[in-house]
Amino acid sequence: MSHPSANAGSSSQDDTPRDGNPGFADDFSTLSVHAGEARQKPGDSITDPIFCASTYTFVNTQSVIDYIEQNQAREEYGRYGNPGERVVERKLASLEGAEDAVLYSSGMAAMVGLLMSKLNACDEVIFFDECYHRSREFCTKHLSRFGVVTRQVRACDYEAMEAAINPHTKLLISESPTNPHMSCVDLERFAQIGREYKVETLLDATLATPYNMRPITYGVDYVLHSATKYLGGHNDLLAGCVCGAKDKLEPVRKLRGIMGSINGPQNVYLLARGLKTFELRMQRHNENGQRVAEFLESHPRIERVLYPGLPSHPYHEIARETMRGFGGLITFLVKDADWRETASIVDAVKIPRIAPSLGGVESLIEQPLVMSYYQCTPEERREYGIPDNMIRLSCGIENTGDLIADLAQALKA
Ligand SMILES: *Cc1c(COP(=O)(O)O)cnc(C)c1O
């Protein structure tokens, strides 16, 4: 079956740069609405149908043999994927400017799936240390049981990363921006280290999204997203994906077929639906993030705001070079506040809801000390850079003025 719009994104990789940034397609929203979909769909429906099928039928024995011998593109059994999932994979690959994308049931399933398919006993991975705590936990607690060695170096310390590379090194891993410190990776340099030492690179770009950043254009090998966040965008689903070259993702897809960490048909429908408004949502997330960060930075009760769109941010220049906007996530420190006083601000806001996660239409707020690091020792929290007075705010798509007024009243309380 040929999908006329399925390749709509293949040219986006060499599109003219916008705002001096490489790789941003002007047709982004056209792609997020149409890419990956057949123009005429079953039942003449404008939307892709939800196929509730655990298995797929063959007309006769010869068609089974043809499918196997000719490697035909059709469905076989539900654990290997479903038609809706393939639509979303093509859409995401096109948005990312990648050849292919493999969809998973969560961002962590994508991380585990990629690492399990790429690493062997005695291989080594090098991490920038500011990273999603479960990614770190999987490497240090679980990959270690299979003889894989994890080395952590300080985020954005490229010399330390180079120094940690040895003949066993198989993968360099980073996030950008990092969570919750919002450090931004010099993608040119990160990809260059990979090329120079012939080590593959993986970037978790969940916080940036393909709207704000296109790591593939810099030569990063694998781009990972928790689609639970901005891509789904409505706080109503979990999903994840890895984007990259088709041949490199082949073994990753095969292992996913064994792990069974795929999405059910209803879930991929929700994701496809969320993606239709992706650019519109990102524009508002970017605007809310920027304006709320500026408001917080100017507030006398705030000690420090970590947001790449602020000139005060240590990675502002790198962010400006590599990103189109800076997203909705803001981390800030309350001046001279202990953990209780900080909690009282979290409790006083009326619009953002107290919850983990980010990137959805509803604003969310949390105190990392409590939400993610409560069971850590003070020494561990110091090591991970999580002070008691830190708050993480994910700006949704609510009215900007309403969000600022709400934070102003919470800070006055
Ligand atoms: C949420 C998140 C993940 C994990 O994704 P899930 O969909 O929750 O499994 C990984 N990396 C980053 C940066 C995240 O924010």
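The structure presented is a predicted model; accordingly, all values stated were derived computationally and were not measured.

About the criteria used
Residues numbered from 1 in each chain as written. Predicted model: local features only at pLDDT ≥ 70, side-chain atom pairs only at ≥ 80, totals over all residues. Heavy atoms only, no water. Domains from an automatic or database assignment. Contact = heavy atoms within 4.5 Å. Buried area = accessible area lost by both parts, 1.4 Å probe. Core = buried A, V, L, I, M, F, W, Y, C linked by side-chain atoms within 4.5 Å. Buried < 20%, exposed > 50% of the residue type's maximum accessible area, 1.4 Å probe, protein only. Helix = DSSP H or I, 4+ residues; strand = E, 2+ residues; numbered from the N terminus. Pairing = 2+ DSSP bridges. Patch = residues over 30% accessible without salt bridge, like charges linked within 9 Å, V, L, I, M, F, W, Y side chains within 5 Å. Areas by Shrake-Rupley, 256 points an atom, 1.4 Å probe, with all protein chains shown as cover. Salt bridge = Lys/Arg side-chain N within 4 Å of Asp/Glu carboxyl O.

A look at the domain arrangement of the chain
Line of reasoning, step 1. Assigned domains of the chain: these are domain 1 (13–276) and domain 2 (278–412).
Line of reasoning, step 2. Just the C-alpha atoms count here: the centres of domain 1 and domain 2 sit 26 Å apart.
Line of reasoning, step 3. Listed per partner, the contact involves 41 residues of domain 1 and 38 residues of domain 2.
Line of reasoning, step 4. In this assembly, domain 1 packs against domain 2 so that about 3,500 Å² is buried in total across both faces, 55% of it on carbon and sulfur atoms.
Line of reasoning, step 5. Area buried by domain 1 at its contact with domain 2 is led by Met182, Tyr211 and Tyr230, which between them contribute 22% of it.

Description of the nonpolar core
Line of reasoning, step 1. In terms of nonpolar packing, the biggest core is built from 82 residues, with Leu271, Phe278, Val292, Leu296, Val305, Ile330 and Phe332 touching the most fellow members.
Line of reasoning, step 2. The element best represented in this core is helix α11 (residues 278–297), accounting for six residues.
Line of reasoning, step 3. Two domains share this core, each providing at least three of its residues, namely domain 1 (13–276) and domain 2 (278–412).
Line of reasoning, step 4. Setting aside chain neighbours within four positions, we find Val292 in contact with Ile330, Leu393, Cys395, Leu403, Ile404 and Leu407.
Line of reasoning, step 5. Formed by 23 residues, the second largest nonpolar core is a distinct cluster that contains Ala109, Met111, Cys131 and Leu224.

Side note on the sheet that holds strand β11 (residues 364–366)
Line of reasoning, step 1. If you walk across this open sheet you meet the five strands as β8-β9-β12-β11-β10, and the pairing is mixed. On the outer flanks of this sheet lie β8 (302–306) and β10 (353–354), each paired with one strand and no other.
Line of reasoning, step 2. In this sheet, β11 lies alongside β10 in parallel orientation, the contact comprising two bridges. What sits directly across from Arg353, in β11, is Leu364.

Side note on a nonpolar patch on the surface
Line of reasoning, step 1. On the surface, a nonpolar cluster with roughly 320 Å² of combined accessible area is contributed by Trp339, Val370 and Tyr374.
Line of reasoning, step 2. Turning to its location among the elements, Val370 is positioned in helix α14 (residues 368–371).
Line of reasoning, step 3. A relative accessible area of 37% places Val370 in the partly exposed class.

Brief notes about the pattern of salt bridges
Line of reasoning, step 1. What the rule picks out here adds up to 20 salt bridges.
Line of reasoning, step 2. Here Glu75 ties to Arg86 by a salt bridge, and the two come within 2.6 Å at their closest N and O atoms. Residue Glu75 is located in the loop between α2 (61–69) and α3 (83–96), and its partner Arg86 is located in helix α3; the two are separated by 11 residues in the primary sequence.
Line of reasoning, step 3. Close ionic contact of Arg253 with Asp100 constitutes a salt bridge, the shortest N to O distance being 3.2 Å. Pair noted here: Arg253 is in helix α9 (residues 246–259) and Asp100 is in strand β1 (residues 100–104), with a separation of 153 residues, a long-range link.
Line of reasoning, step 4. A residue is classified by how much of its surface remains accessible, and Asp100, at 10% relative accessible area, is buried.
Line of reasoning, step 5. The network of salt bridges with shared partners includes Glu85, Glu89, Asp100, Arg253 and Arg256.

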